[in-house]
Amino acid sequence: MSLLNVKDLSIQYGESTVVDKVSFVVRRGESIGLVGESGSGKTQTALGLLGLLPRDARLTGSIRFKGSEIANRSDRELDRIRGRRISMVFQDPMQALNPYLRIGEQLRQVLLQHGLASGVKADQKVVAMLKRVGLQDPERQFRAYPFQLSGGMRQRVMIASALIAEPDLLIADEPTTALDVTVQAQILDLLETLRHDTALLLITHDLGIVAGRCERLLVFEAGKLVETGATTAVFASPQHEHTKTLLALAPRIDRGDILPPVTDKTLLGVEGASVSYRDAHHAELVAVRDVNLSLRESETLAIVGESGSGKSSLVRALLGLIPLKAGRVVFAGRPLEGAVETRAKSLRRDLQLVFQDPAGALNPQMRVQSLVGESLLVHEPALSTPERVQRVTASLATVGLDESFLSRFPHQLSGGQAQRVAIARALILEPKILICDEAVAALDGSVREQVLKVLREVQVNTGMSIIFISHDLAVVRSISHRVAVMYLGRMVEVAETRRLFSAPRHPYTRALLDASPVPDPLVAPQSAPLFGEVPSLIRPPSGCVFHPRCSYSDARCKDKRPELRELDGGRVACHHASETLLKQA
Amino acid sequence: MLRYALLRLLGAIPTLLLVIVLAFLMVHAAPGGPFDDARSPHPEVLAAIEATYHLDEPVVQQLGRYLGGLLRGDLGPSFRYPDYSVSELIGIGFPASLKLGVLAMSLAILVGVSAGTFAALRQGSMTDRVVMSFSMTGISIPVFVVAPVLVLLFAVKLHWLPAGWSGSAGVAKYIVPVVTLALPQIAYIARLTRASMIEVLSRDFIRTARAQGLGTRAIIRIHALKPAMLPVLSYMGPAIAAILTGSVVVEQVFGIPGLGASFVNGALNRDYTLVLGIVIFYAALIIALNLVVDLLYGVIDPQVRQR
Ligand SMILES: Nc1ncnc2c1ncn2[C@@H]1O[C@H](COP(=O)(O)OP(=O)(O)OP(=O)(O)O)[C@@H](O)[C@H]1O
Ligand code: SF4
Ligand SMILES: [Mg+2]
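Quick question: what am I supposed to make of the overall build of chain B here?
The secondary structure content of chain B amounts to 12 helices and zero strands. Seen in sequence order, chain B has helices and strands lined up from the N terminus as α-α-α-α-α-α-α-α-α-α-α-α. Counting only C-alpha atoms and orienting by the principal axes, one finds that chain B spans roughly 85 × 55 × 30 Å. When each of the 307 residues of chain B is scored for burial, the buried share is 43%. At a minimum sequence separation of 6, the contacts of chain B that also span at least 24 residues come to 72%. Side-chain charges of chain B comprise 22 positive and 16 negative groups, with the mean position of each set lying 21 Å from the other.

Below, the structure written as structure tokens:
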């Protein structure tokens, strides 16, 4: 008998149908991946299963759990199932845990509610559960508040609360999207080892995650279930067009793309750059320490690293948005210094920035035409209005948007369109360097591909250089000529893309690669290559900053900081970066 | 947390000082003195009295003398009741006012929070609309209108409750004054609670709690009430001030021998030291209670506590 039997499930808001006649089954103990692009109805389906939809939603169809109907049942009836038989892990553990309540208490309530334990017994159970999800010193963490934990730890707590009642089905909605890759790998491992015979419905937009971990797949498109089957079969021979596109678009860390050629003229040089902030207690926090970097004409240089690695701080300092504490930047043979307002106009237009959040970067009260054309007023005041409109139209055309967009407001754009408008706005000034700070992180597969394609085309046509900041190695591989890896404010490895991906020299680079999911069920998923999380910048580890998490570290690593040195045509900062060592691992 | 509390305490001193000086100067600038009414004494007698009370000195010197007295907890003698010091008069009037204020505040919080939560849970329903329109009325009708109406209704017409203060015993005599005083606060707190409860209930962690199978009651009690109380807590400062001012009117209307009544009498009698003393006493009280409210923030919000 199947555990969960969903038949013709539809969810509507007024006239719009967000989930359309979806039917599927979940069998005991199996793991199912539910994949689809943003807005395809994944979350709505999950919430519908648990009766957690907002009041204005209308749900029809049948949801049978262990044979009994649970669709549209009262909260009173469902409360016996929620958290006990079917539980859920949400995407953002900061939002999903109560910030005003100790985490032990949040877990204990689940036990009390379902009458599974009480008093000291309950406390003991909670501590045991916290220990199982990998919290060190669980007795103490019992009394911690969510804000005192790192993102990865919070998600562990979330998982603990979902599994503490030993449910039959666990629904995990993008459980790792808010986390760093190395932590993502840890969390996915944890889900797998802890669930025992709890069935898992894993919701994600990332095909790499489901490829190695789920037995079956459900593929959603615009509220419809378009394909279902064994994971290996779906990957090997997708039947539906949409599945084919999704697979084709999934960025692959194990394959590269052909890129436009690079000149060997250096355009930008960064020497010994450091950036520091002061935190609330006035302690100094060195976000970037002694970084050397160069960028050639027509080159795309990627900067990768997990949260807190200093990627954004570095480029902000380049742009003059924040001051450099030490070091200097040379652009086209001239020193680039001072705050952005004090720089010459021509220098300002040569460096343009595109942010992660397109909606936030566009003034909601302005039309696309003014948004894109605005900077021309400053930099080319002599232009007549028709000339300006023409330039705007041309710039929009390079990012694949036609004239009909000129009069739109930002809220009338999709995420991908908004990001392309932001790029058009940067490109209209014909910059020598375009800096993209996580510019495609929020975008879906197809939209992300469009944006990346636009960037490559512009590079071929104009010879522009690109600094591409990303935490996603798979995306980086498809666009960059060279990659710089940062960890805790330091540059740990710089190398040509192909070399870096095929033969990483730094243990951290290697871990990042191993942690990145590959959308191919035949490539066995690596178990989490790193333990722990990125330490605090306020008290960085001694010696090699990576040593607490590095499996190669020895006494020397603890004491002495490795310098960045030449190796294999790249540069790497590691005492043990000798070839043999890393190849064997 | 302790450091924070001490810092806040030190920070309150200049505020209090400013209030004292301003109040002192304002009372001094008021036209007429305590002893110049129709039955004015002989100029020489007046001069003698003024000398006793140091009213002939320059204002700055008087202020200095007054502040000196304050440090010793001495608010000076009453001009009207020479047998009493102002501190003694406050000591006599305060207990009744305190009882009235505490009862009104408790009633306001209890009823306001419950009604607000109730309305939030049934957002858009009939109950919600009734609670909200009631509280709109509660906010817009002033105390001096509510008080006589309640007396008319419950005491004069229905004879459920005593009309006056003196003569009647027990708690019954508190009911109408307390309700009068609490009514606008109930209304305000209900609206605040409703709004913040609705906001809190829309947060992600409430959805988590629902997904864990916690029922509505457990969710409110364990997860929602604390954060929903934060805006209500910040309103406590103004609420306390409003109850204090309201009590001046209420005590007058119901003939309660409290501090509010003393204040009004003091003003009518030009008993300036008494008026000044009560103003300063109330100011200190409000500042102190605001401090307590601030510290309560730390109890509710762990991130505030960390500071
Ligand atoms: N409260 C609501 N009222 C109306 N429409 C809604 C509401 N909530 C979600 N939707 C719509 O339902 C559709 C499906 O949303 P859902 O959140 O399930 O997508 P998803 O597949 O989980 O996407 P993502 O990957 O971005 O999380 C979207 O078009 C969304 O705009
Ligand atoms: S220097 Fe040592 S600790 Fe640092 S990365 Fe190399 S081996 Fe690891
Ligand atoms: Mg979703």
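Can you walk me through the packing of helix α17 (residues 415-427) of chain A against helix α18 (residues 445-462) of chain A in this structure?
Two quantities define a packed helix pair, namely the angle between the axes and the distance from one axis to the other. All names here are of chain A. Axis separation between α17 and α18 bottoms out at 9 Å; the angle between their running directions is 15 degrees. It follows from the interaxial angle that α17 and α18 lie roughly parallel. Here α17 and α18 pass one another in a crossing that is right-handed. Residues G416, R420, I423 and L427 of α17 form the contact with α18, whose participating residues are V447, Q450, V451, L455 and V458. Of the residues in the contact of α17 with α18, the class split is six nonpolar, two polar and one charged.

Any chance you could explain the sheet that holds strand β21 (residues 565-567) of chain A here in plain terms?
Sheet strands pair by backbone hydrogen bonding; their relative direction is either parallel or antiparallel. Residue and element names in this part refer to chain A. Read from one edge to the other, the open sheet built from eight strands follows the order β16-β17-β18-β13-β19-β20-β22-β21, with strand pairing classed as mixed. Each of the sheet's edge strands pairs with one partner strand only, and the pair in question is β16 (351-354) and β21. Pairs of neighbouring strands in the sheet enclose a mean axial angle of 25 degrees, with direction left out of account. Examined bridge by bridge, β16 and strand β17 (residues 433-437) share four bridges and lie parallel to one another. Residue pairing in the sheet places L353 in a bridge with I435 of β17. Here α17 sits on the sheet and contacts β16 and β17; the angle it forms with β16, its principal contact strand, is near 175 degrees. Strands in contact with α18 are β13 (300-304), β17 and β18 (465-470); relative to β18, the strand with the most contacts, it is inclined by about 155 degrees.

Honestly, the sheet that holds strand β12 (residues 284-296) of chain A in this entry has me stumped. Any pointers?
Residue and element names in this part refer to chain A. The four strands are arranged β12-β11-β14-β15 in an open sheet whose pairing can be described as antiparallel. Looking along the sheet, the strands with just one partner apiece sit at the ends: β12 and β15 (334-336). Strand-to-strand twist across the sheet, computed as the mean angle between neighbouring axes with direction ignored, equals 30 degrees. When strand β11 (residues 266-278) meets β12, the two strands line up antiparallel, connected through nine bridges. The residue bridging T266 from the neighbouring strand is R296, located in β12.

Definitions and cut-offs
- Residues numbered from 1 in each chain as written.
- Chains lettered and ligands numbered in written order.
- Predicted model: local features only at pLDDT ≥ 70, side-chain atom pairs only at ≥ 80, totals over all residues.
- Heavy atoms only, no water.
- Helix = DSSP H or I, 4+ residues; strand = E, 2+ residues; numbered from the N terminus.
- Buried < 20%, exposed > 50% of the residue type's maximum accessible area, 1.4 Å probe, protein only.
- Contact = heavy atoms within 4.5 Å.
- Lys, Arg positive; Asp, Glu negative; His and termini not counted.
- Charge placed at Lys NZ, Arg CZ, Asp CG, Glu CD.
- Axes fitted to C-alpha atoms, helices over the stretch in contact; angles between N-to-C directions.
- Parallel < 35°, antiparallel > 145°, perpendicular 65-115°, else oblique.
- Left-handed = near helix turned anticlockwise from the far one by under 90°.
- Nonpolar A, V, L, I, M, F, W, Y, C, P; charged D, E, K, R; others polar.
- Pairing = 2+ DSSP bridges.

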